[in-house]
Amino acid sequence: MSQPILILSALEGELEAVHESITDVAEVGISGHNFWRGTISGSDVVVASVGIGKVNAAMMATLAIDHFAPGILLFTGVAGGLDPALMIGDIVIAESVVQHDTGVAGSDGFRPYQPGHLPFFNPTERLGYQPSSALLERARSAVAAIELGRVHGRTPVFVFGTVVTGDQFIESEVDRMRIHEAFSAQAVEMEGAAVAQVAAHFGVDHLVIRAISDLAGPGSEIDFDRFLAEVTTNSIRVVRALVASIGAAP
């Protein structure tokens, strides 16, 4: 059997449109967690929701990679917008994912650092995790042909950039701008960089795809609930196009 494409998301609601696209589906239970294996556009896929936060995401990614040995991991779902140029519904495809809450806290403030490293122990110049250039190029080609549905009265745009991950739901304008300026990041969420860390450890190429559901400021929880289904539909269009493109690769 060929290596499947692993499709993960934090919330089951973020994967509803994926489940609707799967044929020949079979449920697989691993350590009390459910995964669904089937076919999308002729490609073998495994789909699961991982739960909220870095630990849940890393645990489920590890289970899935160990059991299914995927060739590519796609993480999709929603995120808070950090870049003031972005609006609800826009889709960020991560050229890099960084854990914004991992690093060294000193008297001069907080300095982010690569997970699993410290500047005085096992130091590294690396910060964050990046998909292969080949997968990014495939994503650029795939999205060029996608027509997105309107969200909040406008047609969303695609942006390639940086997505940051931390174990906080950001609903503060001060923190929004602080994180945006520190990382030049477009979006913030709670799982992507942890999944990327696991994928990198196992040598699995990955891509994080996030639709902006809120603007990471006051009232974000209201926007999150209001726009979750609408923006997720568009992000799943990207996933389906990528799966079709990957499956068609020679």
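Cut-offs applied
Residues numbered from 1 in each chain as written. Predicted model: local features only at pLDDT ≥ 70, side-chain atom pairs only at ≥ 80, totals over all residues. Heavy atoms only, no water. Salt bridge = Lys/Arg side-chain N within 4 Å of Asp/Glu carboxyl O. Helix = DSSP H or I, 4+ residues; strand = E, 2+ residues; numbered from the N terminus. Buried < 20%, exposed > 50% of the residue type's maximum accessible area, 1.4 Å probe, protein only. Arc of directions from axis to C-beta. Contact = heavy atoms within 4.5 Å. Polar contact = N/O pair within 3.5 Å; in protein donor to acceptor, adjacent residues only side chain to side chain. Phe/Tyr/Trp six-rings, centres within 6.5 Å; stacked < 30°, edge-to-face > 60°. Lys NZ or Arg CZ within 6 Å of the ring centre and 35° of its normal. Pairing = 2+ DSSP bridges.

Observations regarding the pattern of salt bridges
For the structure shown, the criterion picks out nine salt bridges. In this structure, E95 engages R140 in a salt bridge whose closest nitrogen and oxygen atoms are separated by 2.6 Å. Residue E95 is located in strand β6 (residues 91-99), and its partner R140 is located in helix α3 (residues 133-143); the two are separated by 45 residues in the primary sequence. Given the relative accessible area of 29%, E95 is considered partly exposed.

A short note on helix α4 (residues 173-183)
Residues of α4 that are buried include every one of R176, I179, H180 and F183, and no others. Seen end-on, α4 carries its buried residues on one side only, within an arc spanning 100 degrees. Projecting away from the buried face of α4 at angles above 90 degrees are the exposed residues V174, E181 and A182. Looking at the buried positions of α4, the neighbouring elements they touch are β5 (72-81), β6, β8 (109-112) and β9 (158-165). Capping the start of α4, S172 holds a side-chain oxygen 3.3 Å from the backbone nitrogen of V174, two or three residues further along. Following α4 by one or two positions, S184 has its phi on the positive side, about 50 degrees.

What to know about the packing of aromatic side chains
Evaluated as defined, the whole model comprises one aromatic pair. The ring of F160 carries R140 above its face, with NZ or CZ at 4.2 Å from the centroid.

Brief notes about the side chain of S213
Structurally, S213 can be placed in strand β11 (residues 205-214). For S213, a relative accessible area of 0% puts it in the buried group. Within the structure, the side chain of S213 is placed 3.0 Å from the side chain of D214, a separation counted as a polar contact.

A closer look at unusual backbone geometry
For D24, which is not glycine, the phi dihedral falls at a positive 50 degrees. Position of D24 relative to the elements: it lies in strand β2 (residues 23-30). One non-glycine residue, A69, lies in the positive phi region at around 50 degrees. With respect to the helices and strands, A69 occurs in the loop between α2 (54-68) and β5.

As for the environment of E173
Position of E173 among the secondary structure elements: in helix α4. Residues E173 and L215 lie 42 residues apart in sequence; the distance between their C-alpha atoms is 8.7 Å. Residues in contact with E173, not counting those within four places in the same chain, are A216, G217 and P218.

Remarks on the side chain of S43
If you trace the backbone, S43 turns up in strand β4 (residues 43-49). Owing to a relative accessible area of 7%, S43 belongs among the buried residues under this scheme. Among residues more than four places away in sequence, those in contact with S43 are I5, G38, V243 and G247.

Some points on the pairing of β6
For β6, the buried fraction is high: eight of the nine residues fall into the buried class. Sheet topology note: the β6/β9 ladder contains eight bridges and is parallel. Across the sheet, the residue bridging to I93 is F160, located in β9. Two elements, β6 and β11, share three bridges in a ladder whose sense is antiparallel. Across the sheet, residue V92 finds its bridge partner in β11, namely R210.

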